[in-house]
Amino acid sequence: MSKDKSAKIPTPQPVRGTQDMLGDFADRFAHVVETFERVRRLYGFKRIEVPVIEPTAVFARSLGETTDVVSKEMYSFEDRGGESITLRPEFTAGIARAYVTNGWQQFAPLKVATHGPLFRYERPQKGRYRQFHQLDAEVIGSDSPLADAELLVFADQLLKELGIAEGVTLTLNTLGDADSREAWRAALVAHFEAHRGDLSEDSLARLDKNPLRILDSKDPRDRPIADSAPDIDSYLTGEAQDFFGAVTAALDAAGVAWQRNARLVRGLDYYRHTAFEFVTDRLGAQGTVLGGGRYDGLIEALGGPPTAAVGWAAGIERLAMLVPDAKESPLPEIVILPQDEAMERLSSRIANILRTADNEISTEIALAGAYRKRYDKVKNAGYARAISLEPHEGAVCIARIRDLNVEGVKDVRDRVEAALGKFFLLEEMDQGFSRPWILQEKV
RNA sequence: GCGAUCGUAGCUCAGUUGGUUAGAGCACCGGUUUGUGGUACCGGGGGUCGUGGGUUCAAGUCCCAUCGGUCGCCCCA
């Protein structure tokens, strides 16, 4: 290490809105993913992998050119061939594209699940990052309300198994079919136009771009107008009512608790029927931990055949923040304490013996610092057992098992003895409780 | 894009109305001590106080700008 400060190399900073995880949070993150992978198998969802990068058109066309996401929140760039590429801001569009380009119609209805990183160019805040991670589940090619219900039961079980169902509520709404939605939208616009003078500036802009969004405005000036706006219920066609009734009946039959939220909407036009969010008040401004709905119009918008589909996505970081107790990744069962340089060289050989598939004793080697201080270090690090390697005249070494922390002690002595016994002659010394072995090479 | 708030050692932080050579704990390195044990002690390295200007005899401290973090607004597939 040079002390010459003029030669100091500036450290590149991480990209804004990205995060590095170590220890506790990384364990929580992994726990969420592992639980998801286990539960999705119980529901027969196939694992699917789709690219992180797609042609920009995949998202531009599916999300709508005018949405904020497309106009300013996508990570897009030109590749060397001049094609516009975008880092996926969501899973659904890429999965829909894969469904069409691979001819997966033959598998319909197709139940798929995936997880991984997504990218949105947004201002980071609690529970919102530019690179974030989601779980995702989709049912493509089914117009049955039972598909919606199964996805919701799946989501409900996932949250329960993660131990975060307390304080998280399933809120549910229907946007009806295309006819219902159009009629409701017209009624809403008429209602808001009538109160145009009392709306906030933000909502005046929404009136042109996305009037449904006024319903969940946070501005107190908008609340009375939004609250007095017509519900969709009186605009639902008979078919749309039946569909929603079938979804809720299936949820009730499965014992999934839900709340109607007639104000819950989706921004994009291709959403139909079911819309839902699992929400909590424990994450600041980011209340949604899992959200989704039915998007019967999407695949057609990508040039595919008319295809019914429904799905959800959940933020892994948000779920990880709610997981009650972090499951720490366990320390290796035993840690090797070499007592000098020669023993240090021997320790990787001993470690390899213990770690082999036959023996499966997870092993760490204490390599840093003065030999005499390593004992205290590994003890403070929480290891339960150590095996010290001491030089001994005329032998390979003396190996001594030492209990470090009373908590979590597991008797690995017999397993270590069996493992080492395959390679060395072990002579047990009569030295108190530790009963060290003198190791000799087998001839 | 807008607003609020915070930037002092690797980490968590202290630093009095501006006033000597900027501190602590943890971590790291070394030494002594101990030797079935979460030992104790001694010493050491490490900071242009985010960066750049300004005010002042004097700035970690006050002012402006800028960058970054955090939280919120917008948006949220």
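Residues numbered from 1 in each chain as written. Chains lettered and ligands numbered in written order. Predicted model: local features only at pLDDT ≥ 70, side-chain atom pairs only at ≥ 80, totals over all residues. Heavy atoms only, no water.

Asks: Can you help me understand the overall build of chain A in this one?
Replies: The secondary structure content of chain A amounts to 14 helices and 17 strands. Over its C-alpha trace chain A gives a radius of gyration of 30 Å, far above what one expects of a compact globule, namely 22 Å for 443 residues. Accessible area of chain A: about 22300 Å², with a carbon and sulfur share of 51%. Here chain A contributes 56 positively and 68 negatively charged side chains, and the mean placements of these two sets differ by 5 Å. (Helix = DSSP H or I, 4+ residues; strand = E, 2+ residues; numbered from the N terminus. Rg over C-alpha atoms; globule rule 2.2 N^0.38 Å. Areas by Shrake-Rupley, 256 points an atom, 1.4 Å probe, with all protein chains shown as cover. Lys, Arg positive; Asp, Glu negative; His and termini not counted. Charge placed at Lys NZ, Arg CZ, Asp CG, Glu CD.)

Asks: I keep staring at a negative patch on the surface and nothing clicks. Help me out?
Replies: Taken together, the side chains of Asp179, Glu182, Glu239 and Asp242 present a region of like negative charge at the surface. Take Glu239: it is sitting in helix α9 (residues 238-254). (Patch = residues over 30% accessible without salt bridge, like charges linked within 9 Å, V, L, I, M, F, W, Y side chains within 5 Å. Salt bridge = Lys/Arg side-chain N within 4 Å of Asp/Glu carboxyl O.)

Asks: Can you walk me through the packing of aromatic side chains in this structure?
Replies: A complete count under the given rule lists six aromatic pairs for this structure. Taken together, a centroid distance of 5.4 Å and an interplanar angle of 65° make the contact between Tyr75 and Tyr121 edge-to-face. In this pair, Tyr75 is assigned in strand β3 (residues 75-78) and Tyr121 in the loop between β5 (110-119) and β6 (131-140), connecting sequence segments 46 residues apart. Its relative accessible area of 22% is what places Tyr75 among the partly exposed residues. Here a set of aromatic residues connected by ring pairs shows up, and it is made of Phe36, Tyr43, Phe45, Phe154 and Trp312. The ring of Tyr121 has Arg130 lying over it, and the distance from NZ or CZ to the ring centre is 3.8 Å. (Phe/Tyr/Trp six-rings, centres within 6.5 Å; stacked < 30°, edge-to-face > 60°. Buried < 20%, exposed > 50% of the residue type's maximum accessible area, 1.4 Å probe, protein only. Lys NZ or Arg CZ within 6 Å of the ring centre and 35° of its normal.)

Asks: What's the story with the packing of helix α12 (residues 341-355) against helix α14 (residues 413-421) in this structure? I'm lost.
Replies: Where α12 contacts α14, the axes come no closer than 9 Å and their chain directions differ by 110°. Taken together, α12 and α14 sit at an angle that is classed as roughly perpendicular. Of the residues in α14, those touching α12 at Ile350, Ile353 and Leu354 are Val416, Ala419 and Leu420. (Axes fitted to C-alpha atoms, helices over the stretch in contact; angles between N-to-C directions. Parallel < 35°, antiparallel > 145°, perpendicular 65-115°, else oblique. Contact = heavy atoms within 4.5 Å.)

Asks: Just checking my understanding: could you explain the domain arrangement of chain A for this structure?
Replies: Interface extent is often summarised as the accessible area lost during association of the parts. According to the domain assignment, chain A contains domain 1 (24-177 + 237-322) and domain 2 (334-441). On a C-alpha basis, the centroid separation for the pair domain 1 and domain 2 is 50 Å. (Domains from an automatic or database assignment.)

Asks: Can you help me understand the UniProt feature "binding site: L-histidine" (unreviewed entry) in chain A in this one?
Replies: UniProt's feature table lists "binding site: L-histidine" (unreviewed entry) at Glu90, Phe91, Thr92, Arg120, Gln134, Glu138, Arg266, Tyr270 and Tyr271, given in the numbering used throughout. If sequence neighbours within four positions are ignored, Gln134 has contacts with Phe91, Thr114, His115, Gly116, Leu118, Arg120, Ala313, Ala314, Gly315 and Ile316. With near-sequence residues (within four places) excluded, Tyr271 lies in contact with Leu175, Arg181, Arg266, Gly293, Arg294 and Tyr295. (UniProt positions renumbered as here; feature names shortened; annotations may be inferred.)

Asks: Can you help me understand the packing of helix α1 (residues 24-42) against helix α5 (residues 145-161) in this one?
Replies: Each pair of packed helices can be summarised by the angle the axes make with each other and by the distance between the axes. Closest axis-to-axis distance for the α1/α5 pair is 10 Å, and the angle between their directions is 140°. Taken together, the axes of α1 and α5 lie oblique to each other. Every pair of crossing elements has a handedness; the one defined by α1 and α5 is right-handed. Touching Thr35, Phe36, Arg38, Val39, Arg40 and Leu42 of α1 are Phe154, Gln157, Leu158 and Glu161, all from α5. Residue composition of the contact of α1 with α5, grouped by class: five nonpolar, two polar and three charged. (Left-handed = near helix turned anticlockwise from the far one by under 90°. Nonpolar A, V, L, I, M, F, W, Y, C, P; charged D, E, K, R; others polar.)

Asks: Would you mind going over the nonpolar core with me for this structure?
Replies: Nonpolar side chains in soluble globular proteins tend to end up buried together. With 42 residues, the main nonpolar core has Leu135, Phe278, Trp312 and Leu319 as its most contacted residues. The element contributing the most residues to this core is α5, with eight residues. Aside from chain neighbours lying at most four places away, what touches Phe278 is Leu152, Ala155, Asp156, Leu159, Val168, Thr169, Leu170, Gly287, Thr288, Val289 and Leu290. Counting 41 residues, the second-largest nonpolar core is a separate cluster that includes Phe59, Tyr99, Leu212 and Val265. (Core = buried A, V, L, I, M, F, W, Y, C linked by side-chain atoms within 4.5 Å.)

Asks: Is there a simple way to think about the sheet that holds strand β4 (residues 84-87) in this case?
Replies: Sheets are built from strands that pair by backbone hydrogen bonding, the pairs being arranged parallel or antiparallel. In spatial order, the strands read β2-β4-β3; together these three strands make up an open sheet with antiparallel pairing. Where the open sheet ends on each side, the last strands, each with one partner, are β2 (53-55) and β3. Strand-to-strand, the axes of this sheet are offset by a mean angle of 35°, without reference to chain direction. Running at roughly 70° to β2, helix α2 (residues 56-63) makes contact with β2, β3 and β4 of the sheet. (Pairing = 2+ DSSP bridges.)

Asks: Explanation requested: the pairing of strand β9 (residues 272-279) in the structure shown.
Replies: Two faces make up the sheet, and in a regular strand the side chains alternate between them. The buried fraction of β9 amounts to six of the eight residues, a majority that puts the element mostly inside the structure. Here six bridges tie strand β7 (residues 169-174) to β9, and the two strands are oriented antiparallel to one another. When the bridges of β9 are listed, Asn173 appears paired with Ala275. Strand direction decides the pairing type here: β9 and strand β10 (residues 288-294), joined by six bridges, are antiparallel. Residue pairing for β10: Phe276 is matched across the bridge by Gly292.

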